[in-house]
Amino acid sequence: MTIWPPKPEDLHRPAYRSLADVITRAIKAGELNEGDRLPTHRDLAFKLNLSVQTVSRSYDELVRRGVVLGEVGRGTFVRSQRSDTQTPFLPESQYGAIVDCSMLKPVFEALHLDAMRDGLAKMSLDLPASAASSFRPSRALGTYGNTSRKWLARCGLETSSEGLILTNGNTSAMTIALMTTASPGDLIVTEGIGHHALKPLCRYLGLRLAGLGVDADGVIPEAFTRICQKTKVSALYLMPAGLNPKAYTMSRERRIELVNLARRFDVSIIENDAWGPLQPNRTAPIATLAPERTFYFTSLTKCIMPGLRFGYLVVPEAYESAAENRHLVTNWMATSLMSELACRWIEDGTAEDLLQWQMTALGERNQLAADILSDIPFNASENGLHIWLPTPETWSEEAFVAHTRLNGVAIASGSSFKMSDDVKDSGARICLGAESIESLKQGLMVISRLARSNPEPALQTF
Ligand SMILES: Cc1ncc(COP(=O)(O)O)c(C=O)c1O
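- The protein is annotated in an unreviewed UniProt entry as PLP-dependent aminotransferase family protein of Roseibium algae.
- Under the UniProt heading Sequence similarities (unreviewed entry), the note attached to the protein is "In the C-terminal section; belongs to the class-I pyridoxal-phosphate-dependent aminotransferase family."

As structure tokens, then:
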């Protein structure tokens, strides 16, 4: 007996859930496949003697379950049912076997491990009782406010906001920001090539996501205007300071334009500033231009060391308690031992020393990339952790990434960062921090050689 399409008598009350169940079973049974477009709300309502609202509610339920995807203006499609474990970077370290430029990491050397060991040893001598005993976030973390403001000022964000949340890094902050600004079914818009974790996270939270066109300065204001005129947008998610895979740094003028539009259409802004103060003469964060609607986050994982899993989320005043509550129910609070260590380092200057060291190391690595790639066009940002290499003319993206890998170098394919299927950019993200400088040099030389070569005909479509 076939499940799809159902007949009116196959449905029970409540009809919206019964219809969602039937569609879910049809997908599991392979009667509906990845990419299939579901009928329009109106057509299906007519065929099943239901109201259009019931079908809409049913489709919203399917988005929430993560089995279909609503694409603004195009319809509702069956999602890929593959496992969620695909990441742009290698899942396992293959140290020594491959030059791994796929993962966004700051440079890490023996001095970082020494600093961590030393910091932990000192902390063991005079750890405050509250860091070990309290379940109350304000008691365990309450003394760190001024130190936190110091670091945020270092990122260009002077804030006296009460809405300052200490987090276990960026990922936790972005989850709280999304949960606070949007409810299941709401639409988030972002850079067409964007943050790889945003796509699955929106799916798990039942949010719709649309990628917008970008130019060399970031999201194109007209693209943002068009979508806001068409439909309600809850939040604009941006990575304006070099960390977008395409490595652009958004100008102050573009930031102001987008802020004005966000005000006009009443859209929240989520600003991912994961690298914090790595850029020396940084443009002021968007949060300084629109504190009333910007959720700003940064962390120490990308600019000091990965193991210092600690960061900040600054939320607009009107959302303080909503955001705190969402933090509480997802994480309870930032891990107090990490918070203690990070704040000690900010106070005693260790964080600043490690930051300066990182800036110098990344400056050298960016120079190395520029020297080796030389006349091959690529995008970079000052002291950036990665570069973006547009796919060389004679290659397809897939073939270039795969062939680089066959030659012992892992890079992240641009398609892993596509936020909508219609995004045209083709390229690869090449991370500069994860390997020793000698391995990075080798890796860049392989990439440079391949980019200048023609693929064998059999590899063109790989
Ligand atoms: C753009 C971007 N933001 C944030 C993160 C994660 O930051 P954290 O390690 O602090 O959670 C990543 C991780 O790769 C990232 O690529």
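**With respect to the overall build of the protein**
Then comes step 1: Within the protein, the regular secondary structure consists of 17 helices and 17 strands.
Then comes step 2: On C-alpha atoms alone, the protein measures out to a radius of gyration of 24 Å, which is about the 23 Å that the 2.2 N^0.38 rule sets for 462 residues.
Then comes step 3: Total accessible area on the protein is roughly 21,100 Å²; 51% of this is exposed by carbon and sulfur atoms.
Then comes step 4: Of the charged side chains in the protein, 48 are positive and 51 negative, and the gap between their average positions amounts to 6 Å.

**Topic: the site of the ligand**
Then comes step 1: In the vicinity of the ligand lie 13 residues, with Asn170, Thr171, Thr301, Lys302 and Arg309 positioned nearest.
Then comes step 2: Between the ligand and the protein, one listed contact pairs an oxygen atom with a side-chain N or O atom of arginine 309 at 2.6 Å.
Then comes step 3: Contact with the protein chains hides 90% of the accessible area of the ligand, taken as 400 Å² for the molecule alone.
Then comes step 4: Judged by the proximity of its atoms to the pocket grid, the ligand belongs to the second largest pocket.
Then comes step 5: Here the residues of the shell around the ligand sort into four nonpolar, seven polar and two charged.

**Notes on the packing of helix α15 (residues 350-373) against helix α17 (residues 437-452)**
Then comes step 1: Axis separation between α15 and α17 bottoms out at 9 Å; the angle between their running directions is 30°. Judged on the interaxial angle alone, α17 and α15 are roughly parallel. Relative to α17, α15 is oriented so that their crossing is right-handed. Each of Arg365, Leu368, Ala369, Ile372 and Leu373 in α15 lies in contact with α17, whose residues at this interface are Ile437, Leu440, Lys441, Leu444, Met445, Ile447, Ser448 and Arg452.
Then comes step 2: In the contact of α15 with α17, the residues fall into nine nonpolar, one polar and three charged.

**With respect to helix α16 (residues 397-406)**
Because each turn of an α-helix spans 3.6 residues, side chains separated by three or four positions in sequence point in the same direction.
Then comes step 1: For α16, the buried fraction is high: seven of the ten residues fall into the buried class.
Then comes step 2: Looking only at α16, the buried set comprises Glu397, Ala399, Phe400, Val401, Ala402, His403 and Thr404.
Then comes step 3: Structurally, α16 contributes buried residues whose contacts are with β14 (386-390), β15 (409-410), β16 (412-413), β17 (427-431) and α17.

**Notes on the domain arrangement of the protein**
Then comes step 1: Looking at the protein, the domain boundaries give domain 1 (8-78), domain 2 (92-111 + 352-460) and domain 3 (129-348).
Then comes step 2: Once you take the C-alpha centre of each, domain 1 and domain 2 turn out to be 42 Å apart.

**A word on the side chain of histidine 327**
Then comes step 1: Looking at where histidine 327 falls in the secondary structure, it is placed in helix α13 (residues 320-330).
Then comes step 2: Residue class for histidine 327 comes out buried when judged on its relative accessible area of 5%.
Then comes step 3: Filtering out sequence-adjacent residues up to four positions away, histidine 327 remains in contact with Ile165, Leu166, Thr167, Ser172, Ile176, Trp332, Met333 and Ala334.

**A few points about the pairing of strand β12 (residues 311-314)**
Each regular strand displays side chains that alternate between the two surfaces of the sheet.
Then comes step 1: Of the two faces of β12, the one lined by Gly311 and Leu313 and the one lined by Tyr312 and Val314 are each fully buried.
Then comes step 2: One ladder, built from four bridges, connects strand β4 (residues 164-167) with β12; its direction is antiparallel. Considered in β12, the bridge of threonine 167 is made with glycine 311.
Then comes step 3: In this structure, strand β11 (residues 294-299) lies alongside β12, joined through four bridges in antiparallel fashion. Within the sheet, the bridge partner assigned to tyrosine 296 lies in β12 and is valine 314.

**Details of the pattern of salt bridges**
Then comes step 1: In this structure the tally under the stated criterion is 14 salt bridges.
Then comes step 2: Residue arginine 254 pairs with aspartate 215 through a salt bridge whose shortest N-O separation is 2.9 Å. One end of the pair, arginine 254, is in helix α11 (residues 252-264); the other, aspartate 215, is in strand β7 (residues 214-215), and 39 residues separate them in sequence.
Then comes step 3: For arginine 254, a relative accessible area of 9% gives the class buried.
Then comes step 4: For lysine 246, the salt bridge identified is with aspartate 425, shortest N-O distance 2.4 Å. Linking lysine 246 in the loop between β9 (235-238) and α11 with aspartate 425 in the loop between β16 and β17, this pair joins segments that are 179 residues apart in sequence.
Then comes step 5: The class of lysine 246 is buried, set by a relative accessible area of 13%.

**Points about the packing of aromatic side chains**
Then comes step 1: Summed over all chains, the structure comprises four aromatic pairs.
Then comes step 2: Judged by centre distance (5.2 Å) and plane angle (55°), the rings of phenylalanine 295 and tyrosine 319 are tilted. Taken together, the residues span a long stretch of sequence, with phenylalanine 295 in strand β11 and tyrosine 319 in the loop between β12 and α13 at a distance of 24 residues.
Then comes step 3: Look at phenylalanine 310 and tyrosine 312: their rings are 5.1 Å apart centre to centre, the planes differ by 80°, and that puts the pair in the edge-to-face class.
Then comes step 4: Take tyrosine 312: its relative accessible area is 0%, and that puts it in the buried class.
Then comes step 5: One Lys or Arg, arginine 57, reaches over the ring of tyrosine 16 and ends 3.9 Å from the middle of that ring.

**Comments concerning the sheet that holds β9**
Then comes step 1: The strand order across the open sheet built from seven strands is β4-β12-β11-β10-β9-β5-β6, with neighbouring strands paired in mixed fashion. Pairing within the sheet leaves two strands with one partner each, and these edge strands are β4 and β6 (208-212). Taking each pair of neighbouring strands and ignoring which way they run, the sheet shows an average axis angle of 20°.
Then comes step 2: Bridge count for strand β10 (residues 268-272) against β11 is four bridges, and the pairing is parallel. Residue pairing for β11: asparagine 272 is matched across the bridge by phenylalanine 297.
Then comes step 3: Where helix α8 (residues 170-181) meets the sheet, it contacts β4, β5 (187-191), β9, β10, β11 and β12, and its direction lies at approximately 170° from that of β11.
Then comes step 4: Each of β5, β6 and β9 touches helix α10 (residues 221-230); the most contacted strand, β6, lies at about 145° to it.

**Focus on the layout of surface pockets**
Then comes step 1: Estimated volume of the second largest pocket: approximately 520 Å³.
Then comes step 2: The wall of the second largest pocket is formed by 23 residues, among which Leu104, Thr171, His195, His196 and Lys302 lie closest to the centre.
Then comes step 3: Here the lining of the second largest pocket is composed, by residue class, of eleven nonpolar, eight polar and four charged.

About the criteria used
Residues numbered from 1 in each chain as written. Predicted model: local features only at pLDDT ≥ 70, side-chain atom pairs only at ≥ 80, totals over all residues. Heavy atoms only, no water. UniProt positions renumbered as here; feature names shortened; annotations may be inferred. Helix = DSSP H or I, 4+ residues; strand = E, 2+ residues; numbered from the N terminus. Rg over C-alpha atoms; globule rule 2.2 N^0.38 Å. Areas by Shrake-Rupley, 256 points an atom, 1.4 Å probe, with all protein chains shown as cover. Lys, Arg positive; Asp, Glu negative; His and termini not counted. Charge placed at Lys NZ, Arg CZ, Asp CG, Glu CD. Near = heavy atom within 4 Å. Polar contact = N/O pair within 3.5 Å; in protein donor to acceptor, adjacent residues only side chain to side chain. 1 Å grid on protein atoms, 1.4 Å probe; cavity = no way out; pocket = protein on both sides within 12 Å on 5 of 7 lines; lining within 4 Å. Sits in = over half its atoms within 2 Å of the grid points. Nonpolar A, V, L, I, M, F, W, Y, C, P; charged D, E, K, R; others polar. Axes fitted to C-alpha atoms, helices over the stretch in contact; angles between N-to-C directions. Parallel < 35°, antiparallel > 145°, perpendicular 65-115°, else oblique. Left-handed = near helix turned anticlockwise from the far one by under 90°. Contact = heavy atoms within 4.5 Å. Buried < 20%, exposed > 50% of the residue type's maximum accessible area, 1.4 Å probe, protein only. Domains from an automatic or database assignment. Pairing = 2+ DSSP bridges. Salt bridge = Lys/Arg side-chain N within 4 Å of Asp/Glu carboxyl O. Phe/Tyr/Trp six-rings, centres within 6.5 Å; stacked < 30°, edge-to-face > 60°. Lys NZ or Arg CZ within 6 Å of the ring centre and 35° of its normal. Points joined across faces, edges and corners; volume = space filled by probe spheres on them.

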